[in-house]
2 protein chains.
Amino acid sequence: MFVLDSRLQQDCLVLGNFPLCQLLLSKDANYPWFILVPRRAGISEVFELDAADQQQLWQEASCLAGALKASYNADKMNVAALGNVVSQLHVHVIVRHHHDAAWPAPVWGKCPAVAYGDEQVQAIRQRLGELKLEGYLEA
Amino acid sequence: MFVLDSRLQQDCLVLGNFPLCQLLLSKDANYPWFILVPRRAGISEVFELDAADQQQLWQEASCLAGALKASYNADKMNVAALGNVVSQLHVHVIVRHHHDAAWPAPVWGKCPAVAYGDEQVQAIRQRLGELKLEGYLEA
């Protein structure tokens with residue numbers, strides 16, 4: 001039975017669901033920072049998913065990353081499965097700009113998190129809805 | 001025409017080739033730090049590869065990560081496509097241990113690189129050969 005890790009619950013907002021993954025927004029307004037969490041219990045590494053789930057995970061990540069790159073006019077997308085702190089498998093999909101707070105460094109541990117206002121989160125939800133991502137349903 | 005990025009050439013050793021990707025070893029003995037580079041020209045983002053290449057990339061990454069986790073008795077594998085500095089698409093596949101120099105932080109920019117000795121590199125080449133990775137040919 002899949003339950004979202006408590007640290008991810010604390011540090012993120014649930015935005016919606018793809019066929020395999022829950023889509024989260026990291027509570028750090030420094031960057032449009034999204035996280036995909038496959039709704040499978042007891043998985044820490046991508047290669048622990050079965051082949052069909054792996055394919056679905058990367059399809060969802062590519063769909064999301066491609067749409068976000070265009071929507072935010074990103075300079076680069078960062079896609080990463082690290083999991084040193086939270087062992088539940090999760091894939092970061094982060095929009096990066098040359099002018100962002102951490103550029104060109106990776107975002108982890110670089111800058112203090114900046115809180116989102118309610119209106120900013122609402123704008124992100126609306127943006128995602130308008131992207132019409134394949135198989136995505138808002139929470 | 002694919003040519004390996006000059007910064008990757010400088011910072012890495014070429015170990016061999018999978019059907020799609022060149023396999024590199026980062027010149028930093030702090031961690032067993034491998035990099036997969038799809039042999040496709042002009043690609044910066046995973047989603048710019050065609051669907052078959054994307055599937056092949058993640059298959060090679062999973063094959064490699066799974067085998068390395070077992071071989072090194074890793075606590076976690078880090079798999080990441082960042083590319084903020086080197087725009088040529090490359091995927092980091094890094095073996096992490098609780099006792100490594102950067103744990104639990106990501107490795108980028110955390111600790112000064114430690115040079116490999118020739119014998120250490122030879123041992124890594126031999127280990128990879130013994131893993132009998134599907135489709136892998138040593139350079």
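Since this is a predicted model, take the numbers as computed values, not measurements. (Residues numbered from 1 in each chain as written. Chains lettered and ligands numbered in written order. Predicted model: local features only at pLDDT ≥ 70, side-chain atom pairs only at ≥ 80, totals over all residues. Heavy atoms only, no water.)

1. Some thoughts on the packing of helix H2 (residues 51–72) of chain B against helix H3 (residues 118–131) of chain B
Residue and element names in this part refer to chain B. At their nearest, the axes of H2 and H3 sit 11 Å apart, and the two run at 115° to each other. One element, H2, and the other, H3, form an angle in the roughly perpendicular class. When the axes of H2 and H3 are compared, the crossing they make is right-handed. Every residue of H3 that contacts H2 at Leu 64, Ala 67, Leu 68, Ser 71 and Tyr 72 is listed here: Ile 124, Arg 127, Leu 128 and Leu 131. Class assignment for the residues of the contact of H2 with H3 results in 7 nonpolar, 1 polar and 1 charged. (Axes fitted to C-alpha atoms, helices over the stretch in contact; angles between N-to-C directions. Helix = DSSP H or I, 4+ residues; strand = E, 2+ residues; numbered from the N terminus. Parallel < 35°, antiparallel > 145°, perpendicular 65-115°, else oblique. Left-handed = near helix turned anticlockwise from the far one by under 90°. Contact = heavy atoms within 4.5 Å. Nonpolar A, V, L, I, M, F, W, Y, C, P; charged D, E, K, R; others polar.)

2. Structural notes on the interface of chain B and chain A
Taken together, the contact pairs 27 residues of chain B with 27 residues of chain A. Counting each side, the surface lost to burial between chain B and chain A is near 2,400 Å², with a carbon and sulfur contribution of 56%. For chain B, the biggest contributors to the area lost against chain A are Phe 47, Lys 76 and Asn 84 of chain B; these three give 26% of the whole. Joining chain B to chain A, the criterion identifies 2 salt bridges. Across the salt bridge formed by Lys 76 of chain A and Glu 45 of chain B, the nearest N and O atoms sit 3.1 Å from each other. Here chain B is connected to chain A by 19 residue pairs in polar contact (both at pLDDT 80 or more). Elements supplying a minimum of two residues to the side of chain B that touches chain A: H2 and strand S4 (76–81) of chain B. (Buried area = accessible area lost by both parts, 1.4 Å probe. Salt bridge = Lys/Arg side-chain N within 4 Å of Asp/Glu carboxyl O. Polar contact = N/O pair within 3.5 Å; in protein donor to acceptor, adjacent residues only side chain to side chain.)

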